[in-house]
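These are the residues of each chain, in order.
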Protein chains: 2
Amino acid sequence: MRVLAMLDGTLADPDRPHLRVDDLGALRGDGVFETVLVVDGKPRELGPHLDRLARSAAMLDLPAPDRAAWERVTQVVIDAWNQPGEMALKLVYTRGPEYGDGTPTGYALGLPLAAKALQERVAGVAAVTLERGFDPEVVPRAPWLLLGAKTLSYAVNMAALRHAATRGADEVIFVAADETVLEGPTSTVVAVNGATLRTPPPSSGILPGTTQAALFRAAERAGWSTKVEPITRADLANADALFLASSVRKITRVRELDGVPLPDATTRQAELNALYESEYS
Amino acid sequence: MRVLAMLDGTLADPDRPHLRVDDLGALRGDGVFETVLVVDGKPRELGPHLDRLARSAAMLDLPAPDRAAWERVTQVVIDAWNQPGEMALKLVYTRGPEYGDGTPTGYALGLPLAAKALQERVAGVAAVTLERGFDPEVVPRAPWLLLGAKTLSYAVNMAALRHAATRGADEVIFVAADETVLEGPTSTVVAVNGATLRTPPPSSGILPGTTQAALFRAAERAGWSTKVEPITRADLANADALFLASSVRKITRVRELDGVPLPDATTRQAELNALYESEYS
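Because the structure is predicted, anything quoted here is derived from the model rather than measured.

Asker: Requested: an account of the interface of chain B and chain A, with residues and values cited.
Answerer: Between chain B and chain A, the residue contacts involve 53 residues of the former and 53 residues of the latter. Of all residues in chain B, B:Val21, B:Arg28 and B:Trp144 bury the most surface against chain A, accounting for 19% of the area lost on that side. Scanning the region where chain B abuts chain A turns up nine salt bridges. For the salt bridge of B:Arg162 with A:Asp30, the shortest nitrogen-to-oxygen distance reads 4.0 Å. Counting only elements with at least two residues in the side of chain B that touches chain A, the list comes to helix H1 (24–28), strand E5 (86–94), strand E6 (105–111), strand E7 (125–131) and helix H5 (155–166) of chain B. Looking at the side of chain B that touches chain A element by element, the count peaks at seven residues for H5(B). Residue classes in the side of chain B that touches chain A are distributed as 29 nonpolar, eight polar and 16 charged.

Asker: Talk me through the packing of helix H2 (residues 46–59) of chain B against helix H3 (residues 67–81) of chain B; I want residue IDs and the actual numbers.
Answerer: Residue and element names in this part refer to chain B. Two numbers describe how H2 lies on H3: the axes approach to 11 Å, and their chain directions differ by 135°. Relative to H3, H2 is oriented oblique. Of the two possible hands of crossing, H2 and H3 adopt the one that is right-handed. Counting all contacts with H2, which are made through Leu 46, Gly 47, Leu 50, Asp 51 and Leu 53, the residues of H3 involved are Arg 67, Trp 70, Glu 71 and Thr 74. Taken together, the residues that form the contact of H2 with H3 break down as four nonpolar, two polar and three charged.

Asker: Residue-level account of helix H4 (residues 115–123) of chain B, with values.
Answerer: Residues and elements named next belong to chain B. Those residues of H4 that sit buried are Ala 117, Glu 120 and Arg 121. Down the axis of H4, the smallest arc covering the buried residues is 105°, so these residues share one side. Every exposed residue of H4 that faces more than 90 degrees away from the buried side is listed here: Ala 115 and Val 122. Buried residues in H4 make contact with strand E3 (31–39), E5, E7, strand E13 (250–257) and helix H8 (266–278). Among the residues trailing H4, Gly 124 stands out with phi positive, at a value near 75°.

Asker: Now, about the pattern of salt bridges: what can you tell me, with residues and values included?
Answerer: Tallied over the full model, the rule gives 52 salt bridges over all chains. One salt bridge in this structure joins A:Asp30 and A:Arg95, with 2.7 Å as the shortest N-O distance. One end of the pair, A:Asp30, is in the loop between helix H1 (24–28) and strand E3 (31–39); the other, A:Arg95, is in the loop between strand E5 (86–94) and strand E6 (105–111), and 65 residues separate them in sequence. Side by side, A:Asp30 and A:Arg95 carry an identical accessibility label, which is buried. Here B:Arg67 and B:Asp51 are joined by a salt bridge, their closest N and O atoms 2.8 Å apart. Linking B:Arg67 in helix H3 with B:Asp51 in helix H2, this pair joins segments that are 16 residues apart in sequence. Ionic contacts of the salt-bridge type, sharing partners, join the residues A:Arg44, A:Glu86, A:Arg121, A:Lys250 and A:Glu277 into one network.

Asker: Lay out unusual backbone geometry in plain terms, naming residues and giving numbers.
Answerer: Residue and element names in this part refer to chain A. Phi is positive for Glu 45, which is not a glycine, with a value near 55°. The residue Glu 45 is located in the loop between strand E4 (42–43) and helix H2 (46–59) in this model. Glu 45 gets classed as buried once you look at its relative accessible area, which sits at 10%.

Asker: Outline the sheet that holds strand E1 (residues 3–6) of chain A, supporting the account with residue identities and numerical values.
Answerer: What links the strands of a sheet is backbone hydrogen bonding, and the strands pair in either a parallel or an antiparallel sense. Residue and element names in this part refer to chain A. With antiparallel pairing, the six strands of this open sheet are ordered in space as E2-E1-E6-E5-E3-E4. Looking at which strands have only one partner, the edges of the open sheet turn out to be strand E2 (11–12) and E4. The sheet strands contacting H2 are E3, E4 and E5, and the helix crosses E3 at an angle near 175°.

Asker: I'd like to hear about the sheet that holds E5(B), residue by residue, with values.
Answerer: All names here are of chain B. With antiparallel pairing, six strands are arranged side by side in an open sheet as E2-E1-E6-E5-E3-E4. Only two strands of the sheet have a single neighbouring strand rather than two, namely strand E2 (11–12) and strand E4 (42–43). Relative to E5, H3 is tilted by about 145°, and along the sheet it contacts strand E1 (3–6), E2, E3, E4, E5 and E6.

Thresholds, definitions, all that
Residues numbered from 1 in each chain as written. Chains lettered and ligands numbered in written order. Predicted model: local features only at pLDDT ≥ 70, side-chain atom pairs only at ≥ 80, totals over all residues. Heavy atoms only, no water. Contact = heavy atoms within 4.5 Å. Buried area = accessible area lost by both parts, 1.4 Å probe. Salt bridge = Lys/Arg side-chain N within 4 Å of Asp/Glu carboxyl O. Helix = DSSP H or I, 4+ residues; strand = E, 2+ residues; numbered from the N terminus. Nonpolar A, V, L, I, M, F, W, Y, C, P; charged D, E, K, R; others polar. Axes fitted to C-alpha atoms, helices over the stretch in contact; angles between N-to-C directions. Parallel < 35°, antiparallel > 145°, perpendicular 65-115°, else oblique. Left-handed = near helix turned anticlockwise from the far one by under 90°. Buried < 20%, exposed > 50% of the residue type's maximum accessible area, 1.4 Å probe, protein only. Arc of directions from axis to C-beta. Pairing = 2+ DSSP bridges.

Next comes the structure, spelled out in structure tokens:
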């Protein structure tokens, strides 16, 4: 089952074409998106997702997203989905057709969770570290690089995941030219040492994680210490446990890094996911 | 006037939607493209453009483009255009719908030349140098960065051009972290010193230029010396003249760089364009 609604709230058939070939989302990857987890009809972290959509849009000089319209279309898809359980909801916002009237394109697409994502929630992932090619010091002075914007220009992220697969891995942890840890192609890195959770700062040129933020909120309430600070490649090896946080896969343990098995973190994963879930109970 | 044909050769109305919202070209910028100049019904450098499309597709692990189909659809659009003068022909090839049968999406879109492009051919451009954030030494060891592939993930290129506009400039020359010169967002850099033409090598992580290659072929025949070698930022200032080569704008002079007017290169521009045109006469 898939449910599509255009930003004006109209339901549409996802098997039919709805985008023009000159939509700048398609021609130039010129747009932004979010993926929201919906559980039993309730969208998780919708506010932070819409905040991030607005921040990404601003970085691309797109018209500010109409928040009420995005909240409405989210509900339209949820109402039409009308099933218990989970749905992945993609919110997509592009600059619109190049030969149009300047109106951006917006739509919300409800999808079933991929089998691979469900399996990785349970089994964890094997990850490889891959160079992302930039130095974090370039971030503040080069806003045109769009580092930290969640754009539709994800070809590099997809290529990195395909490269990981050729090395027998499921996932990627990008590292910067200065060896600091960045993020996964579609996830946020969380390292655990003792009762401390750490994640790299958005100032490194990465996305602020919505799922990671929810986890950190819950963890702080439960007495954990949390730090948003640079993490080096060496820190990854020295962590008690490593996780990738993402909307759809929640808090997924890294069970192997660059071909080296990590200590079993199954119990820790259950603990962190219980913390994360406590935000919604 | 715009003319659209899908890769199977069918003409279609460009004002109607033809892409699904889950096309990976739109959702992930996951595809490749070319822009071909067509003059009086004749596509220029079609062979090199299709070679580059195939090379870009290979870098993205897309199915190899069906060359005969691309040649056919090019002719379909040219025949339907059926007007003297110039047309810009976009060839777009994506991974296809995420929830499809695995068939890539392909189409050819014939467009009139933008007024700005025509004006820049005559007046030249003011350009700014902008950091691209990577060091060329990363290129050979990080193929997942897709440096040198002409992908649909062009959000950074578009953002760089918008940034240039805020500084009163029309164009961008990207420079690498080691200060070597890369390329424009949609063009190839050519520096002239005496009777020598120079352009940076594709091994720097840039596209091999089709228009630049045509110019160099013609120039060599006419007794010029040509070099494909690294160019530094300092070399830009020391050049007799700077040009940006692109299919649609041909050989465009840079009349101002980072706010500093360059020596008048109107005559040199006419000379280089005459060389370039001699390839098609």
